[in-house]
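Each chain, written out:
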Amino acid sequence: MRLRTRLQILTAATAAAALGMMGLTATAHADVTDISPAGANDWSCKPSSAHPEPVVLVNGTFKTMAENWATLSPKLAEDGYCVFAFNYGHAATDPIADSAAELRDFVNAVLGSTGAKKADLVGHSQGGMMPRYYIKFLGGATKVDDLVGIVPSNHGTSNPLALVAGATVCPSCVDQTAGSDLLKKLNADPETPTGPEYTQLATKYDEVVVPYTSSFLSGPADHVTNVLLQDNCPLDTTEHDQATKDPVVAQWVENALGRKGPADPGFQPHCVG
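Attention in this report is confined to the structure presented alongside it. Only a predicted model underlies this, so the values are computations on that prediction, with no experimental measurement involved.

## A few points about the overall build of the chain
Helices and strands together make up the secondary structure of the chain, namely 11 helices and 6 strands. Summing over all exposed atoms, the chain offers an accessible surface of approximately 10,900 Å²; the carbon and sulfur share of this is 57%.

Encoded structure:
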């Protein structure tokens, strides 16, 4: 085993211990493979008139696309969307700016393959926040129709374990710490640049993005919808790590993708569980 690989595994294991206390699952980059989630990355898929924008799924820190989107990807594909996903940033640990450049290149590839003018982005945790860097600084405002953030780290977290992880192997964890230089730059006015529509989904049981209101964005009501899952489904106990597998979340995602503008704030999902 090469020294670099040993170091990757060792540092990832250190971060895993820290993030495990936060309810996350860390994956050593050396073991990450480009296995697509079911329903994703059919590069022959052409968007329909009903769903004219392809959907790009953006996973969270220490996640892989296959695990993060195991539930939502096949559902979106079954419902007629062209779905795409990718692994980025060394298990999403690279600096946010670097990962946003990878997202830019992937979106360009998706648009080139499908012939669509814009894509919809659905992201979990860092994957909900990081695309905003692409939108604001890397030309994404003209190429994104909807950005749906599932428990996104838009204003970072005050959970001290995020910084512990960042000190070992995870520059993106430092970027996601509340008050970081990256977040100050990202959230300087305007938080929600004109172009995309923004839907942000939060749960009061979030133990990673603390406080959960850090997920919300400022902007006009016809441009931004902030959703607390428990406002409509008070018995929904989903937390941060498994939010992408929550059927209530899936309903909100499809409501946002299926209409002009962000999700309808008056939408009432079917509550389960």
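## Regarding the pattern of salt bridges
Under the definition given, this model contains 6 salt bridges. Lys245 serves as the salt-bridge partner of Glu67, at 3.0 Å between the closest nitrogen and oxygen. Here Glu67 is found in helix H2 (residues 65–68), whereas its partner Lys245 is found in the loop between helix H10 (229–232) and helix H11 (247–257), with 178 residues between them in sequence. What makes Glu67 partly exposed here is its relative accessible area of 31%.

## As for the side chain of Glu191
In this structure, Glu191 sits in the loop between helix H9 (181–186) and strand S5 (197–202). Comment: no salt bridge for buried Glu191; closest opposite-charge side chain is Arg132, at 4.9 Å. One polar contact links Glu191 to His155, side chain to side chain, over a distance of 3.2 Å. In this structure Glu191 touches Arg132, His155, Leu217 and Ser218, once residues within four positions along its chain are discounted.

## Let's talk about helix H6 (residues 126–137)
The first and last C-alpha atoms of H6 sit 17 Å apart over 12 residues, in line with the 16 Å expected at 1.5 Å per residue. Among the 12 residues in H6, 11 count as buried, and that is most of the element. By the burial criterion, the buried members of H6 are Gln126, Gly127, Gly128, Met129, Met130, Pro131, Arg132, Tyr133, Tyr134, Ile135 and Lys136.

## Observations regarding the state of the cysteines
Applying the stated criterion across every chain yields a total of 3 disulfides. Residue Cys45 pairs covalently with Cys82 via a disulfide, S to S 2.0 Å. A torsion of -80° about the S-S bond marks the disulfide between Cys45 and Cys82 as left-handed. Of the two residues, Cys45 is situated in the loop between helix H1 (3–20) and strand S1 (55–58) and Cys82 in the loop between helix H3 (72–78) and strand S2 (83–86); the sequence distance between them amounts to 37 residues. Paired by a disulfide, Cys233 and Cys271 hold their sulfur atoms 2.0 Å apart. Disulfide Cys233-Cys271: torsion about the S-S bond near -85°, hence left-handed. With Cys233 in the loop between H10 and H11 and Cys271 in the segment after H11, the pair connects residues that are 38 residues apart, well separated along the chain. The exposure class assigned to Cys233 is buried, which follows from its relative accessible area of 1%.

## Notes on the packing of aromatic side chains
Two aromatic rings are characterised by how far apart their centres lie and by the angle between their planes. This structure, assessed with the given rule, holds 6 aromatic pairs. Where Phe86 meets Phe106, the ring centres are 4.4 Å apart and the plane angle is 10°; that geometry is what we call stacked. In this pair, Phe86 sits in strand S2 while Phe106 sits in helix H5 (residues 96–114), placing the two residues 20 residues apart along the sequence. Comparing Phe86 with Phe106, the two get one shared label, buried. Aromatic side chains Trp252 and Phe267 sit 5.1 Å apart centroid to centroid with 85° between the ring planes, which places their arrangement in the edge-to-face category. Of the two residues, Trp252 sits in helix H11 while Phe267 sits in the segment after H11, which places them 15 residues apart along the sequence. One exposure class covers both Trp252 and Phe267, and it is buried. Put simply, the rings of Trp43, Phe84, Phe86, Tyr88 and Phe106 pair up and form one aromatic cluster. Its guanidinium or amino end placed over the ring of Phe137, Lys185 lies 4.8 Å from that ring's centre, counting from NZ or CZ.

## Quick look at the side chain of Thr114
Residue position: Thr114 is located in helix H5. Of note is the side chain of Thr114, whose polar atom sits 2.8 Å from the backbone oxygen of Val110. Excluding residues within four positions of it along the chain, Thr114 makes contact with Cys45, Lys46, Pro47, Pro54 and Phe84.

## Structural notes on the pairing of strand S6 (residues 224–228)
In terms of burial, S6 is a largely internal element, 4 of the 5 residues being buried. The pairing of S5 with S6 spans 5 bridges and is parallel. Paired with Thr199 across the bridge in S6 is Thr225.

## A short note on the packing of H5 against H6
Their axes nearest at 8 Å, the elements H5 and H6 cross at an angle of 80°. It follows from the interaxial angle that H5 and H6 lie roughly perpendicular. Contacts between H5 and H6 involve Ile96, Ala97, Ser99, Ala100, Leu103, Arg104 and Val107 from the former and Gln126, Met129, Met130, Pro131, Tyr133 and Tyr134 from the latter. Within the contact of H5 with H6, the residues separate by chemical class into 10 nonpolar, 2 polar and 1 charged.

Conventions used here
Residues numbered from 1 in each chain as written. Predicted model: local features only at pLDDT ≥ 70, side-chain atom pairs only at ≥ 80, totals over all residues. Heavy atoms only, no water. Helix = DSSP H or I, 4+ residues; strand = E, 2+ residues; numbered from the N terminus. Areas by Shrake-Rupley, 256 points an atom, 1.4 Å probe, with all protein chains shown as cover. Salt bridge = Lys/Arg side-chain N within 4 Å of Asp/Glu carboxyl O. Buried < 20%, exposed > 50% of the residue type's maximum accessible area, 1.4 Å probe, protein only. Lys, Arg positive; Asp, Glu negative; His and termini not counted. Polar contact = N/O pair within 3.5 Å; in protein donor to acceptor, adjacent residues only side chain to side chain. Contact = heavy atoms within 4.5 Å. Expected span 1.5 Å × (residues − 1). Disulfide = S-S within 2.5 Å. Phe/Tyr/Trp six-rings, centres within 6.5 Å; stacked < 30°, edge-to-face > 60°. Lys NZ or Arg CZ within 6 Å of the ring centre and 35° of its normal. Pairing = 2+ DSSP bridges. Axes fitted to C-alpha atoms, helices over the stretch in contact; angles between N-to-C directions. Parallel < 35°, antiparallel > 145°, perpendicular 65-115°, else oblique. Nonpolar A, V, L, I, M, F, W, Y, C, P; charged D, E, K, R; others polar.

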